[in-house]
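Architecture and fold: a report
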Amino acid sequence: MSHWDEATALTVLCCVPEVARAPIAPLLAELDAADTVHEVGPRPGREIDGLLAGRVLVIGDDADLAAVVVRLIRKELLGAVEVAYAAVGPSVVAQRWSLPVGPRAIRLARLGDPDLTPLVCDDAGGVLIGEASLGPILGTVYLDEHKLVAGGCRALVIEPHGAQGLRVTVLYKKFGLIGRRPVIREGRAIQIGTAAAQLVADGWSRGRQVERWTYYAHTSPLRLIRGAVD
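Note that the structure is a prediction, hence the values are computed from the model and not measured.

Our focus in this paragraph is the overall build of the protein chain. Tallying secondary structure elements over the protein chain gives 4 helices and 19 strands in all. What you see for the protein chain is a C-alpha radius of gyration of 19 Å, in line with the 17 Å of a compact globule of 230 residues. The proportion of buried residues among the 230 residues of the protein chain is 49%. Summed over all atoms, the accessible surface of the protein chain reaches about 11400 Å², with 53% contributed by carbon and sulfur. Of note, the protein chain has its 25 positive side-chain charges centred 10 Å away from the centre of its 26 negative side-chain charges.

In structure tokens, the structure reads:
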């Protein structure tokens, strides 16, 4: 059983703009009077640093959650703050980590237990919680010290995973039913050198294409609220 109970107040970071708030009204109605709601807007930054304590509930999309976790890393608070997530709209993070959506997400935020969940960081100061895709690849990809791709592939899919830290799926082009099967490997770091390719990480597409990119397993996990609640 969780050490949290119905009387426990949540620090709620609402990343949904007010003009888009109507669809999440049932979710907001589940909040307790003791919960403190902060209207922080999409992709919050350093302005939330003073709010990161105890148990924090992020209401937004996957990229909003990633932005909050970036601040936890910058302030060295991963080990001190527990993070719950109520996804608004489709969410790879919710699917990947078996998180409920809608009002049940609020109940889990209050009653669930933290689970040590692997994190992946990039060399641009970002973090990956659910999934990233990058492609097409025309170049060379290393996973740890091993060459994973030489020449090119249709796309790479990178996910936080397991003891080593990340899992990479290499997708190749298909011609009808003919083509190479995906290659799946695990490791601690991936280094990508390619002609200009599009990167989408946790549902957010970068405004410009990238030619070099690195993902690596972070040394500390995220204390994500995942425990089952009846």
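With that settled, the discussion passes to the pattern of salt bridges. Scanning all chains against the criterion turns up 10 salt bridges. Residue Asp 61 pairs with Arg 43 through a salt bridge whose shortest N-O separation is 3.2 Å. In this pair, Asp 61 is assigned in the loop between β3 (55-60) and α2 (62-74) and Arg 43 in the loop between β2 (36-39) and β3, connecting sequence segments 18 residues apart. Since its relative accessible area comes to 26%, Asp 61 is described here as partly exposed. Note on Arg 43: relative accessible area 38%, which makes it partly exposed. Across the pair Arg 167 and Glu 159 runs a salt bridge whose closest N-O atoms are separated by 3.1 Å. What emerges from the salt-bridge pattern is a single network uniting Arg 43, Asp 61 and Asp 64.

Note the cis peptide between Gly 135 and Pro 136, where omega equals -5°. Considering the arrangement of structural elements, one finds Pro 136 in the loop between β8 (132-135) and β9 (137-143). Even without being a glycine, Asp 144 presents a positive backbone phi close to 55°. The phi dihedral of Asp 202 is positive, around 50°, even though this residue is not glycine. Among the structural elements, Asp 202 can be located in the loop between β16 (189-201) and β17 (204-205). What makes Asp 202 buried here is its relative accessible area of 3%.

This part takes up the packing of aromatic side chains. For the structure on display, the rule yields 1 aromatic pair. With a centroid separation of 6.3 Å and 70° between ring planes, the pair formed by Trp 213 and Tyr 215 is classed as edge-to-face. Residue Tyr 215 is classed as buried on the basis of its relative accessible area, which comes to 1%. It is Arg 96 that lies over the ring of Trp 97; its NZ or CZ is 5.1 Å from the centre. Sitting over the ring of Tyr 172, Arg 180 keeps its end group 4.0 Å from the ring centre.

This part is about the environment of Arg 107. Secondary-structure assignment places Arg 107 in helix α4 (residues 103-111). Taking relative accessible area as the criterion, Arg 107 reaches 38% and is therefore assigned partly exposed. Each C-alpha atom, one on Arg 107 and one on Glu 30, is 7.9 Å from the other, the two residues being 77 residues apart in sequence.

On to α4. Along α4, the positions that sit buried rather than exposed are Ala 105, Ile 106, Leu 108, Ala 109, Arg 110 and Leu 111. Taken together, the buried residues of α4 touch α1 (25-29), β3, β4 (82-87) and β19 (222-225).

Between its first and last C-alpha, α2 extends 19 Å over 13 residues, near the 18 Å set by a 1.5 Å rise per residue. In terms of residue burial, α2 counts as a mostly covered element, since 11 of its 13 residues are buried. For α2, the set of buried residues is Asp 62, Ala 63, Asp 64, Leu 65, Ala 66, Ala 67, Val 68, Val 69, Val 70, Arg 71 and Leu 72. Its side-chain oxygen 3.2 Å from the backbone nitrogen of Ala 63, Asp 61 forms the N-cap of α2. One or two residues past the end of α2 sits Glu 76, with phi positive at roughly 55°.

Conventions used here
Residues numbered from 1 in each chain as written. Predicted model: local features only at pLDDT ≥ 70, side-chain atom pairs only at ≥ 80, totals over all residues. Heavy atoms only, no water. Helix = DSSP H or I, 4+ residues; strand = E, 2+ residues; numbered from the N terminus. Rg over C-alpha atoms; globule rule 2.2 N^0.38 Å. Buried < 20%, exposed > 50% of the residue type's maximum accessible area, 1.4 Å probe, protein only. Areas by Shrake-Rupley, 256 points an atom, 1.4 Å probe, with all protein chains shown as cover. Lys, Arg positive; Asp, Glu negative; His and termini not counted. Charge placed at Lys NZ, Arg CZ, Asp CG, Glu CD. Salt bridge = Lys/Arg side-chain N within 4 Å of Asp/Glu carboxyl O. Phe/Tyr/Trp six-rings, centres within 6.5 Å; stacked < 30°, edge-to-face > 60°. Lys NZ or Arg CZ within 6 Å of the ring centre and 35° of its normal. Contact = heavy atoms within 4.5 Å. Expected span 1.5 Å × (residues − 1). Polar contact = N/O pair within 3.5 Å; in protein donor to acceptor, adjacent residues only side chain to side chain.

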